[in-house]
Amino acid sequence: LESLLAWTSDKVDIHSILFKSNKDIFSSGHNPNILKEQTQSQIEKMTLKLQKLVQALLHLPQTVVIDIGHGANNIGAELSVGADIRIAHKSCKVSFNHSKLGLVPSSCGMSAFSIIVGQANARNFLLSGKTIPFTHLLNSGFVFELYNNETREEITTSLLSSINEQAPVQRIQTKFGI
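Residues numbered from 1 in each chain as written. Predicted model: local features only at pLDDT ≥ 70, side-chain atom pairs only at ≥ 80, totals over all residues. Heavy atoms only, no water.

It is worth spelling out the nonpolar core at this point. Membership of the largest hydrophobic core comes to 31 residues, with the highest contact counts inside it found for Phe 19, Ile 68, Val 94, Phe 96, Phe 113 and Phe 142. If you list the elements that add at least two residues to this core, you get β1 (16-19), α3 (40-59), β2 (63-67), α4 (74-80), α5 (109-117) and α6 (119-128). Residues Val 65, Ile 155, Leu 159 and Ile 163 belong to the second largest nonpolar core, which totals 7 residues. (Core = buried A, V, L, I, M, F, W, Y, C linked by side-chain atoms within 4.5 Å. Buried < 20%, exposed > 50% of the residue type's maximum accessible area, 1.4 Å probe, protein only. Helix = DSSP H or I, 4+ residues; strand = E, 2+ residues; numbered from the N terminus.)

A few words now on helix α8 (residues 152-164). Here α8 contains 13 residues, and its C-alpha end-to-end distance of 18 Å stays within 8% of the 18 Å for a straight helix at 1.5 Å per residue. Along its buried surface, α8 packs onto β1, β2, β4 (85-89), β7 (145-147) and α9 (168-177). (Expected span 1.5 Å × (residues − 1). Contact = heavy atoms within 4.5 Å.)

Take the pairing of β2 next. Two faces belong to every sheet, and in a regular strand the side chains alternate between them. In terms of residue burial, β2 counts as a mostly covered element, since 5 of its 5 residues are buried. Across the two faces of β2 the burial is the same, with Thr 63, Val 65 and Asp 67 and Val 64 and Ile 66 all buried. Examined bridge by bridge, β1 and β2 share 4 bridges and lie parallel to one another. Each bridged residue has a counterpart across the sheet, and for Ser 16 the counterpart in β2 is Thr 63. (Pairing = 2+ DSSP bridges.)

Turning to the sheet that holds strand β5 (residues 93-95), a few remarks are in order. Whenever strands of a sheet pair, they do so through backbone hydrogen bonds, lying parallel or antiparallel. Judged by pairing direction, the sheet is mixed, and its 3 strands sit side by side in the order β3-β5-β6 without closing on themselves. Both edges of this open sheet fall to β3 (71-73) and β6 (131-133), since each of them pairs with a single strand only. Taking each pair of neighbouring strands and ignoring which way they run, the sheet shows an average axis angle of 20 degrees. (Axes fitted to C-alpha atoms, helices over the stretch in contact; angles between N-to-C directions.)

Quick look at the layout of surface pockets now. There is about 660 Å³ of room inside the largest pocket. As for the largest pocket, its lining consists of 21 residues, of which Ala 83, Asp 84, Thr 174, Lys 175 and Ile 178 are closest to the centre. Of the residues contributing to the lining of the largest pocket, the split by class is 12 nonpolar, 5 polar and 4 charged. (1 Å grid on protein atoms, 1.4 Å probe; cavity = no way out; pocket = protein on both sides within 12 Å on 5 of 7 lines; lining within 4 Å. Points joined across faces, edges and corners; volume = space filled by probe spheres on them. Nonpolar A, V, L, I, M, F, W, Y, C, P; charged D, E, K, R; others polar.)

Turning our eyes to something else, we now look at the sheet that holds β1. The strand order across the open sheet formed by 4 strands is β1-β2-β4-β7, and the pairing between neighbours is parallel. Two strands lie at the open edges of the sheet, namely β1 and β7, each paired on one side alone. Adjacent strand axes in the sheet meet at a mean angle of 20 degrees when their direction is disregarded. Pairing between β2 and β4: 3 bridges, direction parallel. What sits directly across from Ile 66, in β4, is Arg 86.

Once that is clear, we can look at a nonpolar patch on the surface. Together, Leu 1, Leu 4 and Trp 7 give the surface a local cluster of nonpolar side chains, amounting to about 310 Å² of exposed area. By the element assignment, Leu 4 lies in helix α1 (residues 2-8). Of the residues examined, Leu 4 reaches a relative accessible area of 39% and is grouped as partly exposed. (Patch = residues over 30% accessible without salt bridge, like charges linked within 9 Å, V, L, I, M, F, W, Y side chains within 5 Å. Areas by Shrake-Rupley, 256 points an atom, 1.4 Å probe, with all protein chains shown as cover. Salt bridge = Lys/Arg side-chain N within 4 Å of Asp/Glu carboxyl O.)

Another point: the confidence of the model for the protein chain. Interpreting fine coordinate detail is not advised for predicted regions of low pLDDT. Taken as a whole, the protein chain shows an average pLDDT of 90; of its residues, 98% reach a score of 70 or greater. α8 holds the highest mean pLDDT among the elements of the protein chain, 98, whereas α5 holds the lowest, 82. (pLDDT = per-residue confidence, 0-100.)

Below, the structure is given as structure tokens:
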């Protein structure tokens, strides 16, 4: 992923990048059993890699779209903060349940998170440790558009086409100006 992001960083002729999973959910996050076996050094290395990925997503000239699908947990949810636009299935649920695993959300995306959803929602979503239902995700602005199984491709194609119709320089200036 890091190599792909580095390669696209100067490809202004590419208007958008779509990330999605082949599974129902974008990311189930950390496997608690594997996490228990990792050393402090391994956890720190993984955290730094996540920070770099989110930072890279935020600074790409392309409009980054992440299809969260039915949901994302902890680091998967944190990675999705780096997207410019998030779409999701109408049954989507997201959880920033890092503290239940003994972790702290740590990427630069967390500062962007409060900008995206507002300070009060960010505090509620992060400090409650609860699963956030799609209504809250949509109403807070975290998710731009919802789809069902029948409309997923139509919604995705329409969004990417709309991005592609924008003038590249102005789109990039808008992204970096926000």
